[in-house]
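Structural overview
Chain by chain, the residues run as shown.
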Amino acid sequence: MKRLVLLIIPWLLLLFCGTQATAAAKPFTEYIYNPGTLPAIASELKVSVGQTAPDFTLSSVAGTSVTLSQFRGKHNVVLSFVPAAWTPVCSDQWPGYNIARSFFDNHDAILLGITVDNIPTLYAWTRQMGELWFDVLSDFYPHGHVADSYGVLRTDGTAERALIFINKEGILTGIYVSDINVRPPLETVVAELAKMSGK
Amino acid sequence: MKRLSSLLVTAFFVFFIAFPIIVSADETGEPLPNLTLKVPDNDAYRDYLGLKGQPGEDFTFEDIDADVLLIQLFSMYCPFCQEEAPNVNALHQAMLDFSQQDFKVKIIGLGANNSEFEIDHFRNTYDVKFPLFPDQDMSMYNTLGGKGTPGFIGSRKGDDNHYSIVLRQSGGFYQVEEFFNELLRKSGYN
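Calculation criteria
Residues numbered from 1 in each chain as written. Chains lettered and ligands numbered in written order. Predicted model: local features only at pLDDT ≥ 70, side-chain atom pairs only at ≥ 80, totals over all residues. Helix = DSSP H or I, 4+ residues; strand = E, 2+ residues; numbered from the N terminus. Buried ≥ 20, exposed ≤ 12 C-beta atoms within 10 Å, placed from the backbone. Contact = placed C-beta atoms within 7 Å. Arc of directions from axis to C-beta. Axes fitted to C-alpha atoms, helices over the stretch in contact; angles between N-to-C directions. Parallel < 35°, antiparallel > 145°, perpendicular 65-115°, else oblique. Left-handed = near helix turned anticlockwise from the far one by under 90°. Nonpolar A, V, L, I, M, F, W, Y, C, P; charged D, E, K, R; others polar. Pairing = 2+ DSSP bridges. Core = buried A, V, L, I, M, F, W, Y, C linked by C-beta atoms within 7 Å. Right-handed = clockwise from strand over helix to strand, strands pointing away. pLDDT = per-residue confidence, 0-100.

Attention now moves to the overall build of chain A. Looking only at helices and strands, chain A has 6 helices and 7 strands in total. Counting helices and strands in the order they occur from the N terminus, chain A gives α-β-β-β-α-α-β-α-β-α-β-β-α. Buried residues in chain A amount to 37% of all 199 residues. Long-range pairs, those at least 24 residues apart, make up 70% of the contacts in chain A with a sequence separation of at least 6.

Pasting the structure below:
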């Protein structure tokens, strides 16, 4: 019995330490690839405020198919294009929106996150953000065709860091293409939401 | 004897291989850069920090009436900071419960690359009661040697009114009591 106890104690300690190690290691963003400072914008817009937003259908990480026009007459829509999974600024932009749902709800807006990554990559990447309340869509194949239809597909095949605001009539009310290296401030999103909803 | 040897090998692995992974804080003893912030509008924050200046005026870390000052580096956008927020709130409460007139432990948060609007949203979302300040250009984060968020820098005020860094931690602490005790111990509190 004494021998059993002596053998078990170190392994219980190991189990305890192992659990703590996982927790302690979690915040380290060692899996994020840092591409360095990139050209601020590397595309040319193909849409403008006041025109009808190009329709599209994309697959979501949740396993559904999402069509922009399905929201017409029902909800305002915000498209959040981000350049790529597992990169520095993108990896915290959506977690920020994850605690900003009330702003979107107040303006009856649906948020759709879009990148040109494939579904498995987006699945792995977004899982470590916690449970996102909005759909994340893959514009992977044909590569970046939706980003390209809005003119936010960069010359290197990634998307711009762009926010597109579309009202219930399907009309573009705001287009905000930010420097790819900089996250757009939340107050900009809130101001554009107000403009879009008229509230 | 053979059994004892295997036991010792296992124990060695546990303590010298696995344990260091959880120890992310280290003592440095270096001076805490005496950075400048704006006196908050909020009366309760001014009282908490013991500031005599008027809202909008400058103050420095050394003006904060604390024996031990913990600086939290956070971001509204950081999911781990969001996850850690209830723990940090509990730590703040533990500091309030512990502090006496002759020994005060306080905490402030610096929002790395966050605007005033963004730190307000973080404060409201998590009901943060201690003062948070924006560090939109990350100049304070960089001067303090930040290495990711959440991060913590603990410092002890000396007789010369200067703070010295006693603890640095990258990542969350998860165990409130354990972390608070470590901060006190490294600050020389007995």
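The next subject is the overall build of chain B. Helix and strand content of chain B: 6 helices and 7 strands. Walking chain B from its N terminus toward its C terminus, one meets helices and strands in the order α-β-α-β-β-α-β-α-β-α-β-β-α. Burial statistics for chain B: of 190 residues in total, 39% are counted as buried.

This next bit is on helix α4 (residues 116-126) of chain B. Since the α-helix packs 3.6 residues into each turn, any two residues three or four apart lie on the same face. All names here are of chain B. Taken together, the buried positions of α4 are Glu118, Ile119, His121 and Phe122. Seen from one end, α4 has its buried residues packed into an arc of 155°, which puts them on one side. Looking one or two places after α4, you find Asp127, whose phi comes out positive at around 55°.

Attention now goes to the packing of helix α3 (residues 79-98) of chain B against helix α6 (residues 176-186) of chain B. Helix packing for two helices is described by the angle between their axes and how far apart those axes are. Residue and element names in this part refer to chain B. Packing of α3 against α6 brings their axes to within 10 Å, and their N-to-C directions diverge by 50°. One finds that α3 runs oblique with respect to α6. Remark: the crossing between α3 and α6 carries right-handed chirality. From α3, Asn87, Ala90, Leu91 and Ala94 reach across to α6, where they touch Val176, Phe179 and Phe180. Considered class by class, the residues forming the contact of α3 with α6 number 6 nonpolar, 1 polar and no charged.

Glycine aside, residues mostly have negative phi angles, and peptide bonds mostly take the trans form. A cis amide bond links A:Tyr141 to the next residue, A:Pro142, at an omega of -5°. Along the polypeptide, A:Pro142 turns up in the loop between β5 (135-138) and α5 (145-150). Cis peptide bonds are those with omega within 30 degrees of zero, and the linkage from B:Thr149 to B:Pro150 qualifies with -5°. Looking at where B:Pro150 falls in the secondary structure, it is placed in the loop between α5 (139-143) and β6 (151-157). In this structure, B:Asp127 is a non-glycine residue whose phi angle is positive, near 55°. In this fold, B:Asp127 is placed in the loop between α4 and β5 (132-135). A residue is classified by how many C-beta atoms lie within 10 Å of it, and B:Asp127, with 9 of them, is exposed.

Residue and element names in this part refer to chain A. Strands sit in the order β2-β1-β5-β4-β3-β6-β7 across an open sheet of 7 strands; the sheet is mixed. Both edges of this open sheet fall to β2 (65-67) and β7 (172-178), since each of them pairs with a single strand only. Across the sheet, the mean angle separating the axes of adjacent strands is 30° when strand polarity is ignored. Bridge count for strand β1 (residues 57-60) against β5 is 2 bridges, and the pairing is antiparallel.

Another aspect to go through is the nonpolar core. By size, the foremost hydrophobic cluster in this structure holds 43 residues, and its most contacted members are A:Val78, A:Phe81, A:Ile114, A:Ala147, A:Val152, A:Ala159 and A:Ile164. The contacts of A:Ile114, once residues within four sequence positions are left out, are A:Leu58, A:Leu79, A:Ser80, A:Phe81, A:Leu137, A:Asp139, A:Val146 and A:Ala159. Counting residues in each nonpolar core, the second largest holds 42 residues, with B:Cys78, B:Ile108, B:Leu132 and B:Leu167 among its members.

Glancing now at the environment of B:Ser99. By the secondary structure assignment, B:Ser99 is in the loop between α3 and β4 (105-112). Expressed as a C-alpha distance, the spacing of B:Ser99 and B:Ala66, which sit 33 residues apart in the sequence, is 9.4 Å.

Residue and element names in this part refer to chain A. In this sheet, β5 lies alongside strand β4 (residues 109-115) in parallel orientation, the contact comprising 4 bridges. Counted as the bridge partner of Leu112 is Asp135 from β5. Regarding topology, helix α4 (residues 119-127) serves as the crossover connection from β4 to the parallel β5, and that connection is right-handed.

Each strand in a sheet pairs with its neighbour through backbone hydrogen bonds, running either in the same direction (parallel) or in the opposite one (antiparallel). Residues and elements named next belong to chain B. The strand order across the open sheet formed by 5 strands is β5-β4-β3-β6-β7, and the pairing between neighbours is mixed. Each edge of the sheet is formed by a strand with only one pairing partner; in this case those strands are β5 and β7 (163-170). On average, adjacent strands in this sheet sit at an angle of 25° to one another, irrespective of strand direction. Packing against the sheet, α3 makes contact with β3 (68-74) and β4, and its axis sits at approximately 155° to β4. The strands touched by α6 within the sheet are β3, β6 and β7, with β7 carrying the most contacts at an inclination of about 150°.

Regions with low pLDDT should not have their predicted coordinates read in detail. Mean pLDDT for chain A: 87, with 84% of residues reaching 70 or above. Long-range and interchain partners of residues 9-28 of chain A, a stretch whose pLDDT sits below 50, account for 31 contacts in this model, where long-range means more than four residues apart.

Right, let's get into the environment of A:Val47. Residues and elements named next belong to chain A. Here Val47 shows up in the loop between α1 (2-25) and β1. Classification of Val47 as partly exposed rests on a count of 16 C-beta atoms within 10 Å. Expressed as a C-alpha distance, the spacing of Val47 and Asn167, which sit 120 residues apart in the sequence, is 15 Å. Apart from residues lying up to four places away in sequence, Val47 is in contact with Pro54, Tyr150, Gly151, Leu172 and Ile175.

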